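If you want the building blocks of each chain, they are given just below.
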Amino acid sequence: MSTIQRYANLGAVVVPFLALLLAIVLLWNRAVGAIELSIMAFMYCLTGLGITVGYHRMLTHKAFQASKPIEYFWAIAGSMAVQGPAIAWVADHRKHHAHTDEEGDPHSPHVGQGSGLKGLWFAHVGWLTKTQGEAAFRKYAPDLCDDKGMRWISRNFLGFVGLSLFIPFALGFVLHGFSLTGALWTLLWAGFVRIFFLHHATWSINSVCHFFGQRRFDIEDRSTNVAWLAIPTFGESWHHNHHAFPRSAEQGLKRWEIDISAAVIDTMERLKLVHTVVRISPERQQEKLLAARKAEPAPVAG
Ligand SMILES: [Zn+2]
Ligand SMILES: [Zn+2]
């Protein structure tokens, strides 16, 4: 990783955090209004789903098929989450699946940087200044490298970061009655503070969801399901289910495992915007259960 890249990532971590502190200080004197919060919620959903539905389930795992305009829409929405260009994100994440919790995993809390809290911190943020963007694009994301549109979107990542900040600024300007102060307030909340919250929601999947939580499938890694993160991560915190069935469009596999991204994919399928949605039958899930594996009779020797 180059020094420029390292500092750029550090900036992407620190600037939204400083913005959060500034927002709290300013909040002391003047409460945040409905306009800022509504645009913040809208931008959080758009860019968060850009990561979960777009970057993750569609681009990384091919959990469903879509026409190019739909693919590009989600790739742009994902770019606006400020988590790196689509091709780099996909390559890193496929490498995570190829080497989960072993040597070569770009962000495991269990290898590379020690264990315990130190490992947890590395998997959450530390990896961004060490291993982020190092997965070879050609090796891990050849399909995206061959796609001209996807290359263009990845190359223009910084432009989409700008758009991600400009939209709240412009909406705030108009909705506050063409006020520059209103625009700046909205930029702070729906731009920087929103990026801060979504960053930490996504990074929690790398850290918390390989550290605390429940497991039920017989798989080798240390991934976990974490119920309290299900809503802010749009269903991605059923991460143990995801490692058991990476291609599944649904990561919440039980009725009560709320998975907003799966609901969005379902809706797109009903509207005929996407097709070939990968789903895992109850039988296949049953076969992989820890209890089912343990119940198998041991092979008889001789
Ligand atoms: Zn994982
Ligand atoms: Zn994945």
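The structure this text deals with has already been given above.
What you see is a predicted model, and the numbers here were worked out from it, not measured in a lab.

Scoring rules and cut-offs
- Residues numbered from 1 in each chain as written.
- Chains lettered and ligands numbered in written order.
- Predicted model: local features only at pLDDT ≥ 70, side-chain atom pairs only at ≥ 80, totals over all residues.
- Helix = DSSP H or I, 4+ residues; strand = E, 2+ residues; numbered from the N terminus.
- Rg over C-alpha atoms; globule rule 2.2 N^0.38 Å.
- Buried ≥ 20, exposed ≤ 12 C-beta atoms within 10 Å, placed from the backbone.
- Contact = placed C-beta atoms within 7 Å.
- Core = buried A, V, L, I, M, F, W, Y, C linked by C-beta atoms within 7 Å.
- Axes fitted to C-alpha atoms, helices over the stretch in contact; angles between N-to-C directions.
- Parallel < 35°, antiparallel > 145°, perpendicular 65-115°, else oblique.
- Left-handed = near helix turned anticlockwise from the far one by under 90°.
- Nonpolar A, V, L, I, M, F, W, Y, C, P; charged D, E, K, R; others polar.
- Expected span 1.5 Å × (residues − 1).

A. Just the overall build of the protein chain, in detail. Scanning the protein chain from N- to C-terminus turns up 14 helices and two strands. Relative to the globule expectation of 19 Å for 302 residues, the C-alpha radius of gyration of the protein chain, 20 Å, shows essentially globular dimensions. With respect to the three principal axes, the spread of C-alpha positions in the protein chain is 85 × 45 × 40 Å. Taking all 302 residues of the protein chain together, the buried fraction comes to 46%. A fraction of 65% describes how many contacts in the protein chain between residues 6 or more apart in sequence connect residues 24 or more apart.

B. Structural view of the nonpolar core. Counting residues in each nonpolar core, the largest one holds 56 residues, and the members touching the most others are Ala86, Ile87, Val90 and Ile265. Counting residues per element, the ones that place at least two in this core are helix 2 (34-60), helix 3 (68-79), helix 4 (86-98), helix 8 (148-155), helix 9 (157-175), helix 10 (180-206) and helix 12 (260-270). The residues contacting Ile265, other than those within four sequence positions of it, are Val53, Arg57, Phe64, Ala249, Val274 and Val277. Ala123, Val208, Phe211 and Leu229 belong to the second-largest nonpolar core, a separate cluster that totals 14 residues.

C. Up close: unusual backbone geometry. Although it is not a glycine, Lys62 adopts a positive phi angle of roughly 50 degrees. One can find Lys62 in the loop between helix 2 and strand 1 (65-66). In the Ramachandran plot, Asp101 falls in the positive-phi region, its phi being about 60 degrees despite a non-glycine side chain. Structurally, the position occupied by Asp101 is in the loop between helix 4 and helix 5 (116-124). A tally of 17 C-beta atoms within 10 Å means that Asp101 is categorised as partly exposed.

D. Quick look at helix 12. Buried residues of helix 12: Ile260, Ser261, Ala262, Val264, Ile265 and Met268, and no others. Just beyond helix 12, the residue with positive phi is Lys272, at close to 60 degrees.

E. Just the packing of helix 2 against helix 9, in detail. Put simply, helix 2 and helix 9 touch, their axes get as near as 11 Å, and they point 150 degrees apart. The angle between the axes of helix 2 and helix 9 places the two elements in the roughly antiparallel class. At the point where helix 2 passes helix 9, the crossing takes the right-handed sense. Counting all contacts with helix 2, which are made through Ile35, Ile39, Met43 and Thr47, the residues of helix 9 involved are Ser164, Ile167, Pro168, Leu171, Gly172 and Leu175. Along the lines of polarity and charge, the residues of the contact of helix 2 with helix 9 split into seven nonpolar, three polar and no charged.

F. Molecular detail of the environment of His275. Within the secondary structure, His275 is located in strand 2 (residues 274-275). It is 29 Å that separates the C-alpha atoms of His275 and Trp203, two residues lying 72 residues apart in sequence. Filtering out sequence-adjacent residues up to four positions away, His275 remains in contact with Gln65 and Glu269.

G. Representation of the packing of helix 3 against helix 8. Two elements in contact, helix 3 and helix 8, have axes whose closest approach is 10 Å; the angle formed by their N-to-C orientations is 15 degrees. Put simply, helix 3 runs roughly parallel to helix 8. Relative to helix 8, the crossing made by helix 3 is right-handed. Packed against helix 3, whose contacting residues are Lys68, Tyr72, Ala75, Ile76 and Ser79, the element helix 8 presents Gly149, Met150 and Ile153 at the interface. When grouped by side-chain class, the residues that make up the contact of helix 3 with helix 8 number five nonpolar, two polar and one charged.

H. Molecular detail of the environment of Ala12. On the secondary structure map, Ala12 appears in helix 1 (residues 3-29). Taking the number of C-beta atoms within 10 Å as the measure of exposure, Ala12 has 17 and is therefore partly exposed.

I. Summary view of the environment of Ile35. In this fold, Ile35 is placed in helix 2. In sequence terms Ile35 and Trp185 are 150 residues apart; their C-alpha atoms lie 9.7 Å from each other. Dropping the residues within four chain positions of it, Ile35 is found in contact with Gly172, Leu175, His176 and Thr186.

J. Up close: helix 3. In a regular helix each residue adds 1.5 Å, so twelve residues correspond to 16 Å; helix 3 covers 16 Å between its end C-alpha atoms and thus fits that length. Residues Glu71, Trp74, Ala75, Ile76, Ala77, Gly78 and Ser79 constitute the buried set of helix 3. Contact partners of the buried residues in helix 3: helix 2, strand 1, helix 4, helix 8 and helix 9.

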